[in-house]
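Okay, here's what each chain looks like letter by letter:
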Amino acid sequence: MDVFLAWYLLIITGGVVVGRRFGRLASLAVMIEMNQLGPLFLGAIKTGRLDPILLIPGAGTLPKIGYYSGVSAGGLVPPLVFVLVAMFVRRADTEAI
């Protein structure tokens, strides 16, 4: 299994668990934060130093083409999937808890 696919499945599973307990907005927030902080921690583990530049989407991961090393439209796919998951996750009954 691809590492990125496993990471996204972990993010979505965490979002569903949080969404069942706290609601849709919390689910979306957790998934977006996990998506942002994942490369930061993976970069820190790999290089041994904490680079805040990795919090900027696409920075440090895309090769420089000319003078622009921007983010492609494909970078919008994971956040859109996170929004869809957050839309369809239902909050569990709190009476049973």
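Remember, it's a predicted structure, so these values are computed and weren't measured experimentally.

1. Quick look at the overall build of the chain
(1) Moving on: Each helix and strand counted, the chain has 3 helices and 0 strands in total.
(2) Moving on: Here the chain holds 97 residues, and the buried ones make up 22% of them.
(3) Moving on: Long-range pairs, those at least 24 residues apart, make up 57% of the contacts in the chain between residues at least 6 apart in sequence.
(4) Moving on: Summing over all exposed atoms, the chain offers an accessible surface of approximately 7,300 Å²; the carbon and sulfur share of this is 70%.

2. Notes on a nonpolar patch on the surface
(1) Moving on: A cluster of nonpolar side chains, contributed by Val-83, Leu-84, Met-87 and Phe-88, occupies part of the molecular surface with about 400 Å² of accessible area.
(2) Moving on: Tracing the sequence through the fold places Val-83 in helix H3 (residues 77–88).

3. Quick word on the nonpolar core
(1) Moving on: Residues Ile-11, Met-31, Phe-82, Val-85 and Ala-86 constitute the largest nonpolar core, which totals 5 residues.
(2) Moving on: A per-element tally of this core places H3 first, with 3 residues.

4. Side note on the side chain of Asn-35
(1) Moving on: In this fold, Asn-35 is placed in helix H2 (residues 24–47).
(2) Moving on: Residues in contact with Asn-35, not counting those within four places in the same chain, are Tyr-8, Ile-11, Pro-78 and Phe-82.

5. Notes on the packing of helix H1 (residues 3–22) against H3
(1) Moving on: Taken N-terminus to C-terminus, the directions of H1 and H3 make an angle of 30°; their axes are 10 Å apart at the nearest point. By the criterion of interaxial angle, the relationship of H1 to H3 is roughly parallel. Note that H1 runs across H3; the crossing there is right-handed. Across from Tyr-8, Ile-11, Ile-12 and Val-16 in H1, the residues of H3 making contact are Pro-78, Val-81, Phe-82 and Val-85.
(2) Moving on: Across the contact of H1 with H3, the residue classes break down as 8 nonpolar, no polar and no charged.

Analysis parameters
Residues numbered from 1 in each chain as written. Predicted model: local features only at pLDDT ≥ 70, side-chain atom pairs only at ≥ 80, totals over all residues. Heavy atoms only, no water. Helix = DSSP H or I, 4+ residues; strand = E, 2+ residues; numbered from the N terminus. Buried < 20%, exposed > 50% of the residue type's maximum accessible area, 1.4 Å probe, protein only. Contact = heavy atoms within 4.5 Å. Areas by Shrake-Rupley, 256 points an atom, 1.4 Å probe, with all protein chains shown as cover. Patch = residues over 30% accessible without salt bridge, like charges linked within 9 Å, V, L, I, M, F, W, Y side chains within 5 Å. Salt bridge = Lys/Arg side-chain N within 4 Å of Asp/Glu carboxyl O. Core = buried A, V, L, I, M, F, W, Y, C linked by side-chain atoms within 4.5 Å. Axes fitted to C-alpha atoms, helices over the stretch in contact; angles between N-to-C directions. Parallel < 35°, antiparallel > 145°, perpendicular 65-115°, else oblique. Left-handed = near helix turned anticlockwise from the far one by under 90°. Nonpolar A, V, L, I, M, F, W, Y, C, P; charged D, E, K, R; others polar.

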